[in-house]
Amino acid sequence: MLDNKKRVKIDTKDQMLKKKFEYIISSTGGFEILSEDDKQPADLLIFEVGTDTDHDFHVIQSLLQSEAVTDIFLTSKKSDQDLLLQSIRIGAKEFFPQPIKDDEVKKALKKFREGPQSSKRIKLGQLINIMGSKGGVGTTTIAVNLAVSLAEIAASKSVALVDMNMATGETPLFLDLRPGYHWGAISKNITRLDPTFIMNVLSKHSSGIYLFSSPGTPGHENVSPEAVERLLNIMRRMFDFVVIDSGQLLDLISQKIHQISDTVLLITILTLPCIANTKKIFKIYDFWGYPRKGKVKIVVNRYLKNSQVTLKDAEESFDHSIFWNLPNDFSTTFAAINQGKVLSAIEPKAEITKKFRRLAATFASKDQKPANKNSSFVKRWFS
Ligand SMILES: Nc1ncnc2c1ncn2[C@@H]1O[C@H](COP(=O)(O)OP(=O)(O)OP(=O)(O)O)[C@@H](O)[C@H]1O
Ligand SMILES: [Mg+2]
């Protein structure tokens, strides 16, 4: 006989509450309760939102995007309007204020058991690989400020920044973060790569972006290109945008990242050595057979309008159009780095900050996720 029981997972902070849900589910019938470490995808997750709501909602969003779960019921000790609105926005099917009412939960479970399967939501986030044509051209400045600008202009979208400069990464300094975890945690736990593990090793910045930090010390480089591919493929299911600071690396890991990225922003400045290096990088791309030309977008940093080498000269030399330029503004970028702040926090109206916002807008689609008006608790709470 075909077993069509719906698989349900319960994730509550309170063990007594978990037992109560287990009891109600068993007495309703038609469900199989999965243990917390069961890797099978669940049809339904019953999740308790605790005091760190931002973190909890991000965990839920990651689980939905990675398809580890299809639908969610939420419960919480709090039931203020903000929390309810967030629950609607994330697409929760039910919200049970605590103390939970057995009848209400049972009714919702029966409705879920008999209802149609939710359609799968597979939408992969964009992988944006920031690649320097030379050291010191502003790769980290661009990766950090593009990631933050994306979070600022597309508030409902989630953004992660991944620092690939394993031994020399500076992103924690740029963002004034002291991450507890970094690549070291990944190199030792490759078999544990899943959304929950990844969420726990990321650090959240006040702008809303999540940083996958570099240790900034040697000794953690034993990560294989395949592990990095796996990490990024999971992350693109968890986040709308994954921005990667690749430094000037052209090793096997970088090759893999180039292969799977949606866009490569190749950063250059208009000096002859840097132009020569950019051309060499295009030759390397030809040799690899990827990324194809349409995926590579040249960004000229530190651009001066009266530059001896013009943008047109450079385009002719590259045989490739220039996608974007960012003005030369040493004092603002330098102050930002030294204070561990992003450009929008230091000089929100500066030309360079505006150009970052416009650059981010080329990546962010205008459509915002609609609220799930079908959640049955919406009527109950807002009538
Ligand atoms: N648009 C800009 N105008 C003027 N100076 C800039 C600009 N962008 C970056 N800089 C300056 O260039 C220096 C290097 O910046 P950054 O660390 O971002 O470069 P990088 O390419 O990541 O360097 P590294 O090779 O060390 O990783 C910093 O002092 C920064 O202030
Ligand atoms: Mg750098």
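Only a predicted model underlies this, so the values are computations on that prediction, with no experimental measurement involved.

Quick word on the sheet that holds strand 9 (residues 210-212)
Stage number 1. Strand order in the open sheet made by the eight strands is 8-9-7-10-6-11-12-13, with mixed pairing throughout. Strand pairing shows two members of the sheet lacking a second neighbour, strand 8 (203-204) and strand 13 (322-327), which therefore form its edges.
Stage number 2. Bridge count between strand 7 (residues 159-163) and strand 9: three bridges; the pairing is parallel. Paired with Val-162 across the strands is Phe-212, a residue of strand 9.
Stage number 3. Across the sheet, helix 5 (residues 139-153) touches strand 6 (126-132), strand 7, strand 10 (241-245), strand 11 (263-268) and strand 12 (296-303), and the angle it forms with strand 10 is around 165 degrees.
Stage number 4. Running at roughly 140 degrees to strand 13, helix 12 (residues 311-318) makes contact with strand 12 and strand 13 of the sheet.

Focus: the site of ligand 1
Stage number 1. Around ligand 1 lies a shell of 19 residues, among which Gly-135, Gly-138, Thr-140, Thr-141 and Thr-333 are the nearest.
Stage number 2. Those elements that place two or more of their residues in the shell around ligand 1 are helix 5, strand 12 and helix 13 (330-339).
Stage number 3. The greatest single-element share of the shell around ligand 1, amounting to four residues, is contributed by helix 13.
Stage number 4. Residues of the shell around ligand 1, tallied by class, amount to six nonpolar, eleven polar and two charged.

Points about the sheet that holds strand 3 (residues 42-49)
Stage number 1. Strand order in this open sheet of five strands is 2-1-3-4-5, and the pairing throughout is parallel. The sheet terminates laterally at strand 2 (31-34) and strand 5 (94-97), the two strands that pair on one side only. Strand-to-strand, the axes of this sheet are offset by a mean angle of 25 degrees, without reference to chain direction.
Stage number 2. Sheet topology places strand 1 (residues 6-11) next to strand 3; four bridges connect them, and they run parallel. Considered in strand 3, the bridge of Val-8 is made with Leu-44.

Considering the domain arrangement of the protein
Stage number 1. Structurally, the protein comprises domain 1 (6-122) and domain 2 (126-363).
Stage number 2. One C-alpha centre belongs to domain 1, the other to domain 2; they are set 36 Å apart.
Stage number 3. Contacts between domain 1 and domain 2 engage eight residues on the former and seven residues on the latter.
Stage number 4. Residues that form the side of domain 1 that touches domain 2 fall into these classes: three nonpolar, five polar and no charged.

Procedures and definitions
- Residues numbered from 1 in each chain as written.
- Chains lettered and ligands numbered in written order.
- Predicted model: local features only at pLDDT ≥ 70, side-chain atom pairs only at ≥ 80, totals over all residues.
- Pairing = 2+ DSSP bridges.
- Helix = DSSP H or I, 4+ residues; strand = E, 2+ residues; numbered from the N terminus.
- Contact = placed C-beta atoms within 7 Å.
- Axes fitted to C-alpha atoms, helices over the stretch in contact; angles between N-to-C directions.
- Near = placed C-beta within 6 Å.
- Nonpolar A, V, L, I, M, F, W, Y, C, P; charged D, E, K, R; others polar.
- Domains from an automatic or database assignment.

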